[in-house]
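Structural description and commentary
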Amino acid sequence: MQNITVIGSGTMGNGIAHVFAQQGFQVSLVDLKEDFLQKAVSTISKNMDRQVAKGKLSEEDKTAALSRISTFTDLKSGVSSADLVIEAATENLSIKLDLFRQLDELTPKSAILATNTSSISITKIAAVTQRAGQVIGMHFMNPVPVMKLVEVIRGYATSDEVTNDIMELSKKLGKVPVEVNDYPGFVANRILMPMINEAIYSLYEGVAGVEEIDTVMKLGMAHPMGPLQLADFIGLDVCLSILRVLHDGFGNPKYAPCPLLINMVEAGYKGVKSGEGFYQYTAGSKNLVVASRFSK
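On a predicted model such as this, the values are computed, not experimentally measured, just so you know.

Right, let's get into the domain arrangement of the protein chain. Per the domain assignment, the segments making up the protein chain are domain 1 (3–181) and domain 2 (189–294). Centre-to-centre separation of domain 1 and domain 2, based on C-alpha positions: 27 Å. In total, domain 1 and domain 2 occlude about 460 Å² of area from one another, counting both sides; carbon and sulfur atoms represent 54% of this. Residue composition of the side of domain 1 that touches domain 2, by class: one nonpolar, four polar and one charged.

Right, dumping it as C-alpha coordinates:
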(Lines give C-alpha, C1' and ligand atoms only; values in the text may rest on other atoms or scores of the structure.)
Protein backbone atom coordinates (compact mmCIF):
# COMPACT_ATOMS: atom_id res chain seq x y z
CA MET A 1 0.00 0.00 0.00
CA GLN A 2 1.93 2.99 -1.30
CA ASN A 3 -0.41 5.32 -3.19
CA ILE A 4 -2.73 7.28 -0.94
CA THR A 5 -5.47 9.65 -2.07
CA VAL A 6 -6.95 12.17 0.35
CA ILE A 7 -10.28 13.73 -0.62
CA GLY A 8 -10.67 17.21 0.89
CA SER A 9 -7.80 19.60 1.61
CA GLY A 10 -9.18 21.37 4.69
CA THR A 11 -7.75 21.15 8.20
CA MET A 12 -8.12 17.38 8.50
CA GLY A 13 -7.33 16.56 4.88
CA ASN A 14 -4.09 18.52 4.70
CA GLY A 15 -3.05 17.09 8.06
CA ILE A 16 -3.62 13.53 6.82
CA ALA A 17 -1.73 14.27 3.59
CA HIS A 18 1.10 15.74 5.69
CA VAL A 19 1.64 12.63 7.83
CA PHE A 20 1.46 10.19 4.91
CA ALA A 21 3.90 12.22 2.78
CA GLN A 22 6.27 12.58 5.71
CA GLN A 23 6.33 8.82 6.15
CA GLY A 24 7.28 8.17 2.52
CA PHE A 25 3.91 7.56 0.86
CA GLN A 26 2.89 9.02 -2.49
CA VAL A 27 -0.09 11.30 -1.80
CA SER A 28 -2.74 12.59 -4.18
CA LEU A 29 -4.66 15.46 -2.60
CA VAL A 30 -8.04 16.17 -4.22
CA ASP A 31 -10.37 19.14 -3.82
CA LEU A 32 -12.87 21.15 -5.83
CA LYS A 33 -10.74 24.23 -6.45
CA GLU A 34 -7.08 24.88 -7.16
CA ASP A 35 -7.11 27.71 -4.58
CA PHE A 36 -8.08 25.24 -1.84
CA LEU A 37 -5.22 22.94 -2.82
CA GLN A 38 -2.62 25.71 -2.95
CA LYS A 39 -3.68 26.87 0.50
CA ALA A 40 -3.44 23.29 1.79
CA VAL A 41 0.09 22.75 0.45
CA SER A 42 1.13 26.10 1.93
CA THR A 43 -0.29 25.02 5.31
CA ILE A 44 1.55 21.70 5.14
CA SER A 45 4.79 23.50 4.31
CA LYS A 46 4.38 25.92 7.24
CA ASN A 47 3.59 23.07 9.64
CA MET A 48 6.69 21.21 8.44
CA ASP A 49 8.72 24.39 8.98
CA ARG A 50 7.69 24.22 12.63
CA GLN A 51 8.92 20.63 12.79
CA VAL A 52 12.23 21.71 11.23
CA ALA A 53 12.58 24.55 13.75
CA LYS A 54 12.03 22.07 16.59
CA GLY A 55 14.58 19.62 15.19
CA LYS A 56 11.94 16.96 14.48
CA LEU A 57 12.41 17.09 10.70
CA SER A 58 15.35 18.00 8.46
CA GLU A 59 15.06 20.54 5.66
CA GLU A 60 15.91 17.77 3.19
CA ASP A 61 13.17 15.50 4.53
CA LYS A 62 10.68 18.37 4.34
CA THR A 63 11.54 18.99 0.68
CA ALA A 64 11.25 15.28 -0.08
CA ALA A 65 7.90 14.98 1.70
CA LEU A 66 6.42 17.94 -0.17
CA SER A 67 7.61 16.45 -3.48
CA ARG A 68 5.52 13.36 -2.75
CA ILE A 69 2.25 15.38 -2.72
CA SER A 70 0.40 15.84 -6.00
CA THR A 71 -2.79 17.89 -6.23
CA PHE A 72 -5.90 17.31 -8.35
CA THR A 73 -9.21 19.03 -8.96
CA ASP A 74 -10.41 16.09 -11.07
CA LEU A 75 -11.59 13.20 -8.90
CA LYS A 76 -11.00 10.51 -11.52
CA SER A 77 -7.38 11.54 -12.07
CA GLY A 78 -6.73 11.76 -8.35
CA VAL A 79 -7.98 8.27 -7.48
CA SER A 80 -7.08 6.24 -10.59
CA SER A 81 -4.04 4.54 -9.03
CA ALA A 82 -5.00 4.68 -5.35
CA ASP A 83 -4.33 1.77 -3.00
CA LEU A 84 -6.20 3.64 -0.25
CA VAL A 85 -8.58 6.58 -0.44
CA ILE A 86 -9.28 8.60 2.71
CA GLU A 87 -12.30 10.87 2.44
CA ALA A 88 -12.01 13.99 4.59
CA ALA A 89 -14.80 16.09 3.10
CA THR A 90 -17.53 18.00 4.92
CA GLU A 91 -19.32 16.10 7.69
CA ASN A 92 -22.47 15.73 5.64
CA LEU A 93 -24.08 12.35 4.95
CA SER A 94 -25.40 13.08 1.45
CA ILE A 95 -22.03 14.47 0.31
CA LYS A 96 -20.23 11.41 1.64
CA LEU A 97 -22.67 8.96 0.08
CA ASP A 98 -22.33 10.65 -3.30
CA LEU A 99 -18.54 10.60 -3.03
CA PHE A 100 -18.40 6.92 -2.13
CA ARG A 101 -20.65 6.00 -5.05
CA GLN A 102 -18.18 7.76 -7.33
CA LEU A 103 -15.14 6.29 -5.60
CA ASP A 104 -16.54 2.80 -6.00
CA GLU A 105 -16.71 3.32 -9.76
CA LEU A 106 -13.45 5.25 -10.25
CA THR A 107 -10.90 3.49 -8.03
CA PRO A 108 -9.13 0.17 -8.65
CA LYS A 109 -11.27 -2.74 -7.38
CA SER A 110 -8.56 -3.63 -4.87
CA ALA A 111 -8.54 -0.16 -3.26
CA ILE A 112 -9.62 0.32 0.33
CA LEU A 113 -12.08 3.18 0.82
CA ALA A 114 -11.79 4.94 4.18
CA THR A 115 -13.61 7.89 5.70
CA ASN A 116 -12.35 10.31 8.32
CA THR A 117 -15.91 10.89 9.54
CA SER A 118 -16.17 11.67 13.25
CA SER A 119 -19.68 10.25 13.71
CA ILE A 120 -21.47 9.08 10.54
CA SER A 121 -22.19 5.36 10.13
CA ILE A 122 -19.51 3.43 8.24
CA THR A 123 -22.10 0.75 7.50
CA LYS A 124 -24.40 3.29 5.85
CA ILE A 125 -21.54 4.67 3.74
CA ALA A 126 -20.36 1.18 2.75
CA ALA A 127 -23.85 0.18 1.65
CA VAL A 128 -23.74 2.49 -1.40
CA THR A 129 -20.66 0.66 -2.74
CA GLN A 130 -20.09 -2.78 -4.22
CA ARG A 131 -17.15 -3.37 -1.84
CA ALA A 132 -18.58 -3.03 1.68
CA GLY A 133 -15.84 -5.32 3.02
CA GLN A 134 -13.23 -2.77 1.91
CA VAL A 135 -14.88 0.29 3.51
CA ILE A 136 -13.62 1.41 6.91
CA GLY A 137 -13.38 4.45 9.18
CA MET A 138 -10.05 6.16 9.91
CA HIS A 139 -10.91 8.92 12.37
CA PHE A 140 -7.80 11.04 12.87
CA MET A 141 -7.62 13.63 15.64
CA ASN A 142 -6.91 17.34 15.10
CA PRO A 143 -4.17 18.50 14.66
CA VAL A 144 -3.30 15.35 12.70
CA PRO A 145 0.51 15.75 12.64
CA VAL A 146 0.55 16.03 16.46
CA MET A 147 -2.22 13.79 17.81
CA LYS A 148 -1.40 10.09 18.10
CA LEU A 149 -4.85 8.50 18.11
CA VAL A 150 -6.60 7.00 15.10
CA GLU A 151 -10.03 5.48 15.70
CA VAL A 152 -10.30 2.57 13.27
CA ILE A 153 -14.02 1.89 12.82
CA ARG A 154 -15.31 -1.37 11.43
CA GLY A 155 -18.54 -1.23 9.49
CA TYR A 156 -20.93 -4.17 9.70
CA ALA A 157 -19.29 -5.82 6.67
CA THR A 158 -15.68 -4.60 6.99
CA SER A 159 -13.33 -7.58 6.58
CA ASP A 160 -10.75 -8.69 9.14
CA GLU A 161 -8.04 -8.36 6.49
CA VAL A 162 -8.88 -4.73 5.73
CA THR A 163 -9.13 -3.89 9.44
CA ASN A 164 -5.72 -5.45 10.13
CA ASP A 165 -4.18 -3.64 7.14
CA ILE A 166 -5.44 -0.27 8.36
CA MET A 167 -4.33 -0.95 11.94
CA GLU A 168 -0.81 -1.75 10.71
CA LEU A 169 -0.77 1.20 8.33
CA SER A 170 -1.71 3.56 11.16
CA LYS A 171 1.24 2.27 13.18
CA LYS A 172 3.57 2.99 10.25
CA LEU A 173 2.42 6.62 10.47
CA GLY A 174 3.56 6.70 14.10
CA LYS A 175 -0.04 6.68 15.31
CA VAL A 176 -1.78 4.57 17.94
CA PRO A 177 -4.79 2.89 16.31
CA VAL A 178 -7.76 1.78 18.41
CA GLU A 179 -10.32 -0.57 16.85
CA VAL A 180 -13.96 0.26 17.57
CA ASN A 181 -17.31 -0.86 16.22
CA ASP A 182 -19.78 1.18 14.20
CA TYR A 183 -22.23 2.94 16.51
CA PRO A 184 -23.14 6.65 16.48
CA GLY A 185 -20.18 8.80 17.55
CA PHE A 186 -17.97 5.71 17.85
CA VAL A 187 -16.02 6.10 21.15
CA ALA A 188 -14.33 9.51 21.03
CA ASN A 189 -17.35 11.65 20.20
CA ARG A 190 -19.91 9.50 22.01
CA ILE A 191 -18.09 10.45 25.21
CA LEU A 192 -16.72 13.88 24.29
CA MET A 193 -19.79 15.53 22.79
CA PRO A 194 -22.17 14.95 25.73
CA MET A 195 -19.48 16.50 27.97
CA ILE A 196 -19.22 19.56 25.71
CA ASN A 197 -23.01 19.76 25.49
CA GLU A 198 -23.31 19.61 29.29
CA ALA A 199 -20.73 22.39 29.60
CA ILE A 200 -22.85 24.51 27.21
CA TYR A 201 -25.98 23.70 29.24
CA SER A 202 -24.12 24.79 32.40
CA LEU A 203 -23.42 28.14 30.75
CA TYR A 204 -26.96 28.37 29.31
CA GLU A 205 -28.53 27.74 32.74
CA GLY A 206 -26.28 30.24 34.50
CA VAL A 207 -24.39 27.73 36.63
CA ALA A 208 -21.09 29.46 35.84
CA GLY A 209 -19.35 31.60 33.22
CA VAL A 210 -17.21 30.51 30.28
CA GLU A 211 -13.84 30.88 32.02
CA GLU A 212 -15.12 29.32 35.23
CA ILE A 213 -16.44 26.21 33.46
CA ASP A 214 -13.23 25.76 31.49
CA THR A 215 -11.04 26.37 34.55
CA VAL A 216 -12.89 23.71 36.57
CA MET A 217 -12.30 21.12 33.86
CA LYS A 218 -8.67 22.11 33.28
CA LEU A 219 -7.57 22.30 36.90
CA GLY A 220 -10.01 19.78 38.40
CA MET A 221 -9.96 17.11 35.70
CA ALA A 222 -6.50 17.75 34.20
CA HIS A 223 -7.91 18.53 30.75
CA PRO A 224 -5.39 20.49 28.62
CA MET A 225 -8.23 22.62 27.23
CA GLY A 226 -11.64 23.46 28.71
CA PRO A 227 -14.72 22.02 26.96
CA LEU A 228 -15.99 25.40 25.71
CA GLN A 229 -12.61 26.34 24.24
CA LEU A 230 -12.38 22.85 22.74
CA ALA A 231 -15.84 23.26 21.19
CA ASP A 232 -14.64 26.50 19.57
CA PHE A 233 -11.56 24.70 18.29
CA ILE A 234 -13.55 21.78 16.83
CA GLY A 235 -16.17 24.14 15.38
CA LEU A 236 -19.56 24.68 16.98
CA ASP A 237 -21.26 23.64 13.74
CA VAL A 238 -19.34 20.35 13.81
CA CYS A 239 -20.29 19.78 17.46
CA LEU A 240 -23.94 20.40 16.61
CA SER A 241 -23.79 18.03 13.64
CA ILE A 242 -22.29 15.24 15.75
CA LEU A 243 -24.82 15.72 18.55
CA ARG A 244 -27.63 15.45 16.01
CA VAL A 245 -26.13 12.19 14.71
CA LEU A 246 -26.05 10.88 18.29
CA HIS A 247 -29.58 12.09 19.03
CA ASP A 248 -30.99 10.62 15.82
CA GLY A 249 -28.99 7.41 16.06
CA PHE A 250 -29.87 6.52 19.64
CA GLY A 251 -33.22 8.30 19.99
CA ASN A 252 -32.16 9.27 23.50
CA PRO A 253 -32.99 12.81 24.75
CA LYS A 254 -29.71 12.96 26.68
CA TYR A 255 -27.99 13.71 23.37
CA ALA A 256 -30.29 16.63 22.45
CA PRO A 257 -28.11 19.66 21.62
CA CYS A 258 -28.39 22.64 23.94
CA PRO A 259 -30.57 25.48 22.52
CA LEU A 260 -27.68 27.89 23.08
CA LEU A 261 -25.46 25.83 20.76
CA ILE A 262 -28.18 25.74 18.10
CA ASN A 263 -28.71 29.50 18.29
CA MET A 264 -24.99 30.26 18.10
CA VAL A 265 -24.50 28.12 15.00
CA GLU A 266 -27.57 29.59 13.30
CA ALA A 267 -26.24 33.07 14.03
CA GLY A 268 -22.88 32.21 12.46
CA TYR A 269 -20.81 32.01 15.65
CA LYS A 270 -18.88 28.81 14.98
CA GLY A 271 -15.75 29.27 17.08
CA VAL A 272 -12.20 29.72 15.81
CA LYS A 273 -13.17 29.35 12.14
CA SER A 274 -15.56 32.32 12.29
CA GLY A 275 -13.51 34.40 14.73
CA GLU A 276 -15.97 34.07 17.60
CA GLY A 277 -17.70 31.39 19.63
CA PHE A 278 -17.51 31.22 23.40
CA TYR A 279 -14.28 33.18 22.99
CA GLN A 280 -13.17 35.84 20.51
CA TYR A 281 -10.21 35.08 18.25
CA THR A 282 -7.91 37.66 16.69
CA ALA A 283 -5.52 36.59 13.94
CA GLY A 284 -1.98 36.32 15.26
CA SER A 285 -3.01 36.53 18.92
CA LYS A 286 -2.86 33.65 21.37
CA ASN A 287 -4.67 35.54 24.11
CA LEU A 288 -8.11 34.13 24.91
CA VAL A 289 -10.85 36.72 25.35
CA VAL A 290 -14.33 35.64 26.39
CA ALA A 291 -16.92 36.70 23.81
CA SER A 292 -18.65 39.90 24.87
CA ARG A 293 -22.10 38.28 25.15
CA PHE A 294 -20.75 35.94 27.83
CA SER A 295 -18.49 38.34 29.70
CA LYS A 296 -19.56 39.71 33.06
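Following the structure, the description resumes.
Estimates place the volume of the second largest pocket at around 280 Å³. As for the second largest pocket, its lining consists of 13 residues, and the residues nearest its centre are Leu93, Ile120, Ser121, Lys124 and Val245. Broken down by element, the lining of the second largest pocket gets its largest block of residues, five residues, from helix H11 (residues 236–250). Classifying every residue of the lining of the second largest pocket gives four nonpolar, five polar and four charged.

This part takes up the packing of aromatic side chains. Across all of its chains, the model carries four aromatic pairs by this definition. Seen in terms of ring centroids, Tyr201 and Tyr204 are 6.2 Å apart; in terms of plane orientation they differ by 70°. Their pairing is edge-to-face. With Tyr201 and Tyr204 both in helix H8 (residues 188–204), this residue pair falls three residues apart, about one helical turn. With a centroid separation of 5.6 Å and an interplanar angle of 35°, the aromatic rings of Phe278 and Phe294 are classed as tilted. Of the two residues, Phe278 is situated in the loop between helix H12 (259–266) and strand S9 (279–280) and Phe294 in the segment after strand S10 (289–290); the sequence distance between them amounts to 16 residues. Considered together, Phe278 and Phe294 belong to a single accessibility category, that of buried residues.

A few words on the sheet that holds strand S1 (residues 3–7). Strand order in the open sheet formed by eight strands is S3-S2-S1-S4-S5-S6-S7-S8, and the pairing between neighbours is mixed. In this open sheet, the two strands that pair with only one neighbour each are strand S3 (69–72) and strand S8 (176–181). Geometrically, the sheet is characterised by an average inter-axis angle of 25° between neighbouring strands, direction not taken into account. In terms of strand pairing, strand S6 (residues 135–140) meets strand S7 (residues 149–154) through five bridges, oriented antiparallel. Across the sheet, the residue bridging to Gly137 is Ile153, located in S7. Running over the sheet, helix H1 (residues 11–22) touches S1, strand S2 (26–30), S3, strand S4 (84–87) and S6 and is turned about 165° from S2. Across the face of the sheet, helix H7 (residues 160–172) comes into contact with S4, strand S5 (112–115), S6, S7 and S8 while running at roughly 175° to S7.

Turning our attention to the pattern of salt bridges. For the structure on display, the rule yields nine salt bridges. Across the pair Glu91 and Lys96 runs a salt bridge whose closest N-O atoms are separated by 3.6 Å. Among the salt bridges present, the one from Asp104 reaches Arg131, with a minimum N-O distance of 2.8 Å. One end of the pair, Asp104, is in helix H5 (residues 93–106); the other, Arg131, is in the loop between helix H6 (122–126) and S6, and 27 residues separate them in sequence. For Asp104, a relative accessible area of 8% gives the class buried.

The next subject is unusual backbone geometry. Cis geometry is found at the peptide bond from Asn142 to Pro143, where omega equals 0°. The phi torsion at Phe186 lies on the positive side, around 55°, for a residue other than glycine. Looking at where Phe186 falls in the secondary structure, it is placed in the loop between S8 and H8.

Time to look at the packing of helix H10 (residues 227–234) against H11. A pair of packed helices can be characterised by two numbers: the angle between their axes and the separation between those axes. At a minimum axis separation of 5 Å, H10 and H11 run at an interaxial angle of 95°. Classified by the angle their axes make, H10 and H11 are roughly perpendicular. Residues Ala231, Asp232 and Ile234 of H10 touch H11, and the partners they reach there are Leu236, Val238 and Cys239. Here the contact of H10 with H11 is composed, by residue class, of five nonpolar, no polar and one charged.

Cut-offs and rules
- Residues numbered from 1 in each chain as written.
- Predicted model: local features only at pLDDT ≥ 70, side-chain atom pairs only at ≥ 80, totals over all residues.
- Heavy atoms only, no water.
- Domains from an automatic or database assignment.
- Buried area = accessible area lost by both parts, 1.4 Å probe.
- Nonpolar A, V, L, I, M, F, W, Y, C, P; charged D, E, K, R; others polar.
- 1 Å grid on protein atoms, 1.4 Å probe; cavity = no way out; pocket = protein on both sides within 12 Å on 5 of 7 lines; lining within 4 Å.
- Points joined across faces, edges and corners; volume = space filled by probe spheres on them.
- Helix = DSSP H or I, 4+ residues; strand = E, 2+ residues; numbered from the N terminus.
- Phe/Tyr/Trp six-rings, centres within 6.5 Å; stacked < 30°, edge-to-face > 60°.
- Buried < 20%, exposed > 50% of the residue type's maximum accessible area, 1.4 Å probe, protein only.
- Pairing = 2+ DSSP bridges.
- Axes fitted to C-alpha atoms, helices over the stretch in contact; angles between N-to-C directions.
- Contact = heavy atoms within 4.5 Å.
- Salt bridge = Lys/Arg side-chain N within 4 Å of Asp/Glu carboxyl O.
- Parallel < 35°, antiparallel > 145°, perpendicular 65-115°, else oblique.

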